[in-house]
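# Results of the structural survey
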Amino acid sequence: MAPPLRRLRSPTALSALLASGLLVLGACSPAGDPAPPPPPAVETALVEPDGSGGGLTVSGALERQREMNLSFRVGGVMTALTVDAGDPVSAGQVLARIDPAAVNARVTQAGADLERARRDLRRDEALFAQGYVSTQRLEDRRTAVTAAQAAYDAAAFDGRWSRLIAPASGVVLERLAQAGEVVQPGQTVLRVADLSSPLVLRVPVADRDISRVAIGQEVRAVIDSLPGEALAGRVVRVGQGADPRTGAVAVEIEVPGRPDLRSGLTAKAVFPAASGVQDVVRAPAEAVIEASGQSAYVFRLKGDRVTRTQVVFLGFDGDHARLRGLAPGDRVVTAGGGFLSDGERVRIADASALSGALK
């Protein structure tokens, strides 16, 4: 017969027995898995409609497409100037002259040098036939004749440029020298516009807006001297480089010619809203990643995960980027997206956006 169990009358002893049992059970149970790391924290911002997508107005000046700065090839005293600003001119008309004395003297000198070189060549050719002159000396004489001929041709060419001749029919825009002055080679004496060339409005367009301008685009030209009237124009040229000082790109707009329009008049070019401008949005510049030309990517937030989304990059406007491929109200990652992958779960660091992003 088994001996009777002894009762544990002490509460302290009972507690000790239970604690030791729990320790034994804990030692026998498998180790628990480590807690997963929290999702990376990101900051986000809402995508907004592009408020600059409406019409664009830029100021510029009317000019003839072909306006020429006329100057003498050689310097000297200008003895005659027959036209003034506003005067009409015809193609081939003599507009100004410089004193030809110096030019004629150079032509005479060059002609004398050429004749002497030819004479020396003829003499040495006769001596060469008799065996008194080497082949090398004869070649030197021929080279001297060639050089003298070139010098004479250059002097004669300069002599023709002692007169300033209108290259086309048009009008004198500006006179920049007076008769009796000494002018230098290449110094502008007259500015002449070819009236057969189209009238154009040249305007500088900021780099952030140049994506809204295209060749062939219809433009309204508002001339200050024609209040209440607008002319229909058309973009005929968009510059391929920006001004290094201002960042603006030159745009040329052809407008219909009228007798009451003059070169130099101030005008405004009014560009309509570009087609498809409704889908242009603005997002903080920090949201754009991997930009190359007009292609870029952003991380768009959907619930608590991000989607790597390709967008069309249209340029920066201050601290924002102008984009296509997103909708107003979309939320994009602006900080913390450098090491994200497509579809990754994230947590939002900016508490103000937390409630809206998880809806």
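A few points on the structure. (Residues numbered from 1 in each chain as written. Predicted model: local features only at pLDDT ≥ 70, side-chain atom pairs only at ≥ 80, totals over all residues. Heavy atoms only, no water.)

For the rest of this paragraph, the subject is the sheet that holds strand 8 (residues 163-165). Here 4 strands make up an open sheet; going across it, the order is 8-7-5-10 and the pairing antiparallel. The two strands at the open ends of the sheet, each matched to only one other strand, are strand 8 and strand 10 (182-183). With 3 bridges connecting them, strand 5 (residues 76-81) and strand 7 (residues 94-98) associate as antiparallel partners. Bridged to Ala80 within strand 7 is Arg97. (Pairing = 2+ DSSP bridges. Helix = DSSP H or I, 4+ residues; strand = E, 2+ residues; numbered from the N terminus.)

Here the focus is the layout of surface pockets. Put simply, the largest pocket is a space of about 170 Å³. Considering the residues around the largest pocket, the lining is formed by Arg64, Ala85, Gly86, Val171, Val172, Leu173, Ala193, Leu195, Leu199, Leu261, Arg262 and Ser263. Take the lining of the largest pocket: its biggest share by element is 3 residues, from strand 9 (residues 170-175). Looking at the lining of the largest pocket residue by residue, the class counts come to 8 nonpolar, 2 polar and 2 charged. (1 Å grid on protein atoms, 1.4 Å probe; cavity = no way out; pocket = protein on both sides within 12 Å on 5 of 7 lines; lining within 4 Å. Points joined across faces, edges and corners; volume = space filled by probe spheres on them. Nonpolar A, V, L, I, M, F, W, Y, C, P; charged D, E, K, R; others polar.)

Moving on, we come to the environment of Gln65. Mapped onto the elements of the fold, Gln65 is located in the loop between strand 3 (56-64) and strand 4 (67-71). Residue Gln65 is classed as partly exposed on the basis of its relative accessible area, which comes to 32%. Between the C-alpha atom of Gln65 and that of Glu252, which follows or precedes it by 187 residues, the distance is 9.1 Å. Aside from chain neighbours lying at most four places away, what touches Gln65 is Ser197, Pro198, Val200, Arg202 and Glu252. (Buried < 20%, exposed > 50% of the residue type's maximum accessible area, 1.4 Å probe, protein only. Contact = heavy atoms within 4.5 Å.)

Structurally, the position occupied by Arg282 is in strand 17 (residues 280-284). Exposure remark for Arg282: the relative accessible area of 17% places this residue in the buried category. Polar contacts involving the side chain of Arg282 include one to the side chain of His320, which spans 3.5 Å. (Polar contact = N/O pair within 3.5 Å; in protein donor to acceptor, adjacent residues only side chain to side chain.)

Turning next to helix 3 (residues 135-160). For helix 3, with 26 residues, the first-to-last C-alpha span of 38 Å sits near the 38 Å given by 1.5 Å per residue. Residues of helix 3 that are buried: Leu138, Val145, Ala148, Ala155 and Asp158. For helix 3, the elements touching its buried residues are helix 2 (101-129). (Expected span 1.5 Å × (residues − 1).)

As a further point, take the pattern of salt bridges. The final tally for this structure, using the stated rule, is 17 salt bridges. In this structure, the salt-bridge partner of Arg66 is Asp194, at a minimum N-O distance of 3.1 Å. Pair noted here: Arg66 is in the loop between strand 3 and strand 4 and Asp194 is in strand 11 (residues 188-194), with a separation of 128 residues, a long-range link. Residue classification places Arg66 among the partly exposed residues on the basis of a relative accessible area of 39%. On the basis of relative accessibility, which here comes to 7%, the residue Asp194 falls in the buried class. A single salt-bridge network, built from bridges that share partners, covers Asp120, Arg123, Asp124, Arg137 and Arg141. (Salt bridge = Lys/Arg side-chain N within 4 Å of Asp/Glu carboxyl O.)

A word on the sheet that holds strand 13 (residues 218-223). The strand order around the closed barrel built from 6 strands is 3-12-15-14-13-16, with neighbouring strands paired in antiparallel fashion. This sheet shows a mean twist of 40 degrees between the axes of neighbouring strands, independent of strand direction. Sheet analysis places strand 12 (residues 199-205) next to strand 15 (residues 249-255), joined by 7 bridges and oriented antiparallel. Within the sheet, the bridge partner assigned to Pro204 lies in strand 15 and is Ala250. (Axes fitted to C-alpha atoms, helices over the stretch in contact; angles between N-to-C directions.)

Just geometry here; none of it tells us what the structure is for.
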